[in-house]
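Structural characterization, general
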Amino acid sequence: MKSFEGFERGVNLGGWLSQCDHTKETYDTFILEEDIRRIAGWGLDHVRIPIDYDLIEDANGEVIPEGYTYIDNAIRWCQASGLHMILDLHKTYGFSFDDGEHEDGFFDMPDYQERFYKLWERLASRYGKHSDMLAFELLNEITKKEYMDEWNRIATTCIERIRRLAPTTYILVGGYYNNSIESLPALLPPQDKYIVYNFHCYEPLIYTHQGAYWAPGMDPDFRMSIGETYAMMAKFSKEHLSQVTVGFADFDQNKSLDETYFDKYFSEAVRIAEERDVPLYCGEYGVIDLAEAEEALKWYQFINASFVKHKIGRACWNYKGKDFGLIDDHMKPVIDRLIKYL
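Residues numbered from 1 in each chain as written. Predicted model: local features only at pLDDT ≥ 70, side-chain atom pairs only at ≥ 80, totals over all residues. Heavy atoms only, no water.

**Quick look at unusual backbone geometry**
It is generally the case that most residues other than glycine have a negative phi and that most peptide bonds are trans. In the segment running from E203 into P204, the intervening peptide bond is cis, with an omega of -15 degrees. Along the chain, the position of P204 falls in the loop between β7 (195-201) and α7 (205-208). Residue N318 is reached from W317 by a cis peptide bond, and omega for that bond is 15 degrees. Locating N318 in the fold gives a position in the loop between β9 (313-316) and α11 (335-338). A positive phi angle is found at N178, which is not glycine, with a value near 60 degrees. Within the secondary structure, N178 is located in helix α6 (residues 176-179). Exposure remark for N178: the relative accessible area of 29% places this residue in the partly exposed category. Although it is not a glycine, K322 adopts a positive phi angle of roughly 60 degrees. (Helix = DSSP H or I, 4+ residues; strand = E, 2+ residues; numbered from the N terminus. Buried < 20%, exposed > 50% of the residue type's maximum accessible area, 1.4 Å probe, protein only.)

In C-alpha cells, the structure reads:
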C-alpha cells in the first residue's frame, strides 16, 4: 500500500486552537515551541493541529487576522524542528462532530457551504506554499451516514477550489460515523494523487472509552482490564454503550485482545486503499486516562504493530489534556516506553 511519507508517526495538539475556550491566554500558553521540540525529540515526524473556524473568523464570517498568527507560529516551529504538520478543520460554521457546540445547518445551507469553501481558499492561499511539510484535512468527523452523499459533493467542490491555489498539497478526507473505517468505501475515488483517506480508531470502544462521561450509555464508574475476553468485551459493550462499536463475534470468545484484532479491523480499509492507490491515515487513536497506564501501553503496542504492518500513517490523540493526554501525570509511569509505539 502507498505510504503517506512524512506523516507516519504523529500526535494531535487538540485543545489548543480547537475544543478550547478560544481565549488569547489559551492560544498563547497551551502549546509552546518547547512542546514541538519535545515531540520532535520523541522521534515523531508530524503533528496534527485541529483548529475551529472561531480561530480565524467571527460569527459573521469576517476574518480574524490575529488567529492566523498561531497557525503561522505552528508552521514556523515545526519547520525549525523538522516536523510535518496537518492542519485539521475541526469545526466549520454550521457543523461540529460535538452536539454540544450547537452548530447545525451545514449540510442543508448553500451559504454555509460557500463559507466553508472560502475559509479553505484563504487557508490554501496563505499556506499552499508549504506543501513540502503541510497537509490539509477538510473537516473532522462527519457524523451521520445520511450526510454522505452531500459530503462527497461538498468535499469534491472544496478540493477543486483548493487546487487552484494549492495544487500539490496533500488533502485528507474521511467519512461518516466520525471517520469510521466502515465509511471509507463510500468516499469517492481520489480526485488526484495528493488525496489521503482518513479514519479514526478508538476500538474496542468499550476499552478506550471506559468511564467516558460523553459516551452514550456509559457508566462513569465503569472500568475494565485489557485482558478481558472477547466474550466479556461484547457483554460490557451491550451493557455500557448505545452507539456503534466493532463486534467481537469473529474471534475466539475465550481469547483477549491482541494485534490480530486490529489486523482484521483494518483489513477492509487496506483493501480499499490498495484498490484506489491512495495512502491511508489514522488521524486519531488513543486510550482514555481512566484506564490503567500499564494496560493502556499494551493497547498501544497492539495497534502499533498493525499500523506498521500495513504502512498506515497515524497521529495519537492527544499530546496534552482532553482526557487522553500523553504528557499528563497519569501516563508518566509509561511515557518513555510508550513513545516508541506511537
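Next comes the rest of the write-up.
**Regarding the packing of helix α9 (residues 259-276) against helix α10 (residues 293-310)**
Look at α9 against α10: their axes get within 9 Å of each other, and the N-to-C directions meet at 40 degrees. Classed by the angle they form, the pair α9 and α10 counts as oblique. Considering the relative orientation of α9 and α10, their crossing is right-handed. Counted together, E259, F262, D263, F266 and V270 of α9 and W299, F302, I303, A305, S306, F307, K309 and H310 of α10 form the full contact between these two elements. Considered class by class, the residues forming the contact of α9 with α10 number eight nonpolar, two polar and three charged. (Axes fitted to C-alpha atoms, helices over the stretch in contact; angles between N-to-C directions. Parallel < 35°, antiparallel > 145°, perpendicular 65-115°, else oblique. Left-handed = near helix turned anticlockwise from the far one by under 90°. Contact = heavy atoms within 4.5 Å. Nonpolar A, V, L, I, M, F, W, Y, C, P; charged D, E, K, R; others polar.)

**Topic: the pattern of salt bridges**
Using the criterion set out here, one finds 23 salt bridges in the structure. The closest approach of N and O atoms between R122 and E57, which form a salt bridge, is 2.6 Å. Here the residue R122 occupies a position in helix α4 (residues 110-127), and E57 occupies one in the loop between β2 (46-52) and α3 (65-81), the gap between them amounting to 65 residues. For R122, a relative accessible area of 25% gives the class partly exposed. (Salt bridge = Lys/Arg side-chain N within 4 Å of Asp/Glu carboxyl O.)

Without other data, these values stay purely geometric and don't point to any function.
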